[in-house]
Structure formats: C-alpha cells, structure tokens
Amino acid sequence: SQDACNGRVEILADAEAVAVAAADFLTAQAVAKQGPFVIALSGGSTPKRLYEILASSAYASRFPWDRVQLFFGDERFVPPGDESSNYHMTNLALLSKVPVPSANVHRMPTDGDPADAAARYQRELHTQYGAVTLESGRPLFDVVLLGLGENGHTASLFPRTDILQETQAWVGTCVPDDAPHTRLSLTYPAIASSRFVVFLVAGAGKADVVKAVRGGDTDLPSTHITTDGELIWMLDKAAAGTVSNG
Ligand code: 6PG
C-alpha cells in the first residue's frame, strides 16, 4: 500500500502531456484487465482533456467500453445538466462520444436529500462490489482519478469538514466553507480500496500545495489519501516545482 507522501511521481512537460500520460495509463490497464474495469472519475480541467483524448478515435477504438464501469469520485449537488456538474463535463467530453453502455455509467444522484443521495450511491457501489464491507485484497476500484485543489482538497474531501472523519461509509456529503455547492464524495476508505490512485495535477498554481502534500502536511486532506495498491502522481513541470521524479 502507498500514500500521497510516498507514491511514485511522474513529471510531464505540460498539462497536455499529463492528460496523454493518463489516457495511456488507463488504456493499458483496461486492456490488460480481465473482466470489469472499474474507474472513479474526477472533475476539474486536467481530467476534461483526458476525457477528450479517450474519446478520440485512436484511443476510443482500443478501449474496452463494454466492460468498463464508470463511477464518480465526487459531485456537486446540482442537476446533471448544470454547468458545474462533473457528470455534465464528463458527458460532454467523453460519455456522449464513446460506445459505453448507459448501464455502465454510474452518475452520483443529486436529487432529494444529499445524505440520502450519498446512501443511494453507496448502495450502487455495494452492488458493483458484491458486498457491503470492503475486504482487503479485493479492491473496489481499479483506478481512482484525483485532482488536487489549491487548499489541499481532493475529490470533495475539503479541509475542516466532517467527511474527513468517516471510517466506515463509502460515500458522504461535504459542505465546504470555502467553495460553492454541497458535494457528494467518496470517503478515504472507499478511495483506499483501489489498485491505483492517480493524482493529475497541472499548473504553477499547484506547486505549493503539491510540495506541502508530498511533505506530509497533515492539515491538507490530500495528505491522508492512501491506497491498498499503488499511488501515482502525474504532474506537469509547473506543478512539480522542486518535487522530483521517482
Ligand atoms: C471537483 C474535483 C476536485 C478537483 C480539484 C482540482 O469536482 O472539483 O473533483 O477535487 O479535482 O478541485 O481541480 P482542477 O484540476 O480543475 O484544478
């Protein structure tokens, strides 16, 4: 197992190269895996470019869309057509363009009460996993994609919020004190049940927070991310700053 401080670092030239590296990684892993390939998608700008690349014919023709199961790592509690919805972005960039069966796309519900919606999504994950408790040696996700916010949040695990204390539930709600919208998010234990966690981070604006997380600053939610498998940072040069490869 690995955590955010000791995971492997790959430094790429720029944001475009990060998106290409992530597309290559996902495609290679998906092709190599037998049976369902389960991904937790992230929101944000770097993944948007990754999704566009996966939708391009060179990638889409190789990707095993019929056996991919797409979940979301987090979502703003807004309708699925809202500009700020991660589902909306993912649908425009990827889902509407590739032959993924609609039954394989697991959008986070954003109707009714947020806590109830989190419970419903958790049940959907239980169904995928075939059990209601996580077993060691049997990961829930093949790959969890994550971004990194300048305040150290990842998925919708924001600083100073109750979801950071969650040790049992797989999905929870989060009301950030420094960002709009109530959120749903995977919890630390759900993210940890993974073969790979991949952080995609680009831009000079992220260099300080990358350094702080790699340095083990415990005030930052991203520092507490762990995986039973391998943790990989895909950084562009600007985000890497003084952090080195390896
Ligand atoms: C979201 C994300 C969030 C994101 C970071 C970084 O829905 O906002 O899942 O955790 O990954 O805020 O976002 P950028 O990559 O756009 O900087």
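It should be noted that the structure appears before, not after, this text.
Structural notes, computed from the coordinates. (Residues numbered from 1 in each chain as written. Predicted model: local features only at pLDDT ≥ 70, side-chain atom pairs only at ≥ 80, totals over all residues. Heavy atoms only, no water.)

One open sheet accounts for three strands, arranged 5-8-7; its pairing is antiparallel. One side of each edge strand has no neighbouring strand; the edge strands of this open sheet are strand 5 (74–76) and strand 7 (171–174). Taken over all neighbouring pairs, the strand axes of this sheet differ in orientation by 20° on average, direction set aside. In the sheet, strand 5 pairs with strand 8 (residues 183–186) via three bridges, with the strands oriented antiparallel. Note that in strand 8 the partner of Glu-75 across the bridge is Leu-184. (Pairing = 2+ DSSP bridges. Helix = DSSP H or I, 4+ residues; strand = E, 2+ residues; numbered from the N terminus. Axes fitted to C-alpha atoms, helices over the stretch in contact; angles between N-to-C directions.)

For the rest of this paragraph, the subject is the sheet that holds strand 4 (residues 68–72). Strand-to-strand pairing in sheets goes through backbone hydrogen bonds, with the strands running parallel or antiparallel. Spatial strand order, 2-11-9-6-3-4: six strands in an open sheet with parallel pairing. Two strands in the sheet have a free side with no partner beyond their single neighbour: strand 2 (8–12) and strand 4. Direction aside, the axes of adjacent strands within the sheet are offset by 20° on average. Bridge analysis of strand 3 (residues 37–41) against strand 4 gives five bridges, and the strand direction is parallel. Pairing of Val-38 across the sheet is with Gln-69, part of strand 4.

Okay, the site of the ligand next. Not every one of the 13 residues close to the ligand is listed here, only the nearest: Asp-74, Arg-76, His-153, Ala-155 and Lys-206. Contacts to the ligand include Gly-43, whose backbone N or O atom sits 3.3 Å from an oxygen atom. In this structure, an oxygen atom belonging to the ligand sits 2.7 Å away from a side-chain N or O atom of Asp-74. With respect to the detected pockets, the ligand is housed in the largest pocket. In terms of residue class, the shell around the ligand is made up of two nonpolar, eight polar and three charged. (Near = heavy atom within 4 Å. Polar contact = N/O pair within 3.5 Å; in protein donor to acceptor, adjacent residues only side chain to side chain. 1 Å grid on protein atoms, 1.4 Å probe; cavity = no way out; pocket = protein on both sides within 12 Å on 5 of 7 lines; lining within 4 Å. Sits in = over half its atoms within 2 Å of the grid points. Nonpolar A, V, L, I, M, F, W, Y, C, P; charged D, E, K, R; others polar.)

With that settled, consider empty space enclosed by the protein. The full count for this structure, using the stated rule, is one cavity of 30 Å³ or more. Considered as a void within the structure, the largest cavity measures approximately 40 Å³ in volume. As for the largest cavity, its lining consists of Leu-26, Ile-39, Leu-41, Tyr-51, Leu-54, Phe-63, Trp-65, Val-68, Leu-70 and Leu-94. Contributing elements (two or more residues each) for the lining of the largest cavity: strand 3, helix 2 (45–55) and strand 4. (Points joined across faces, edges and corners; volume = space filled by probe spheres on them.)

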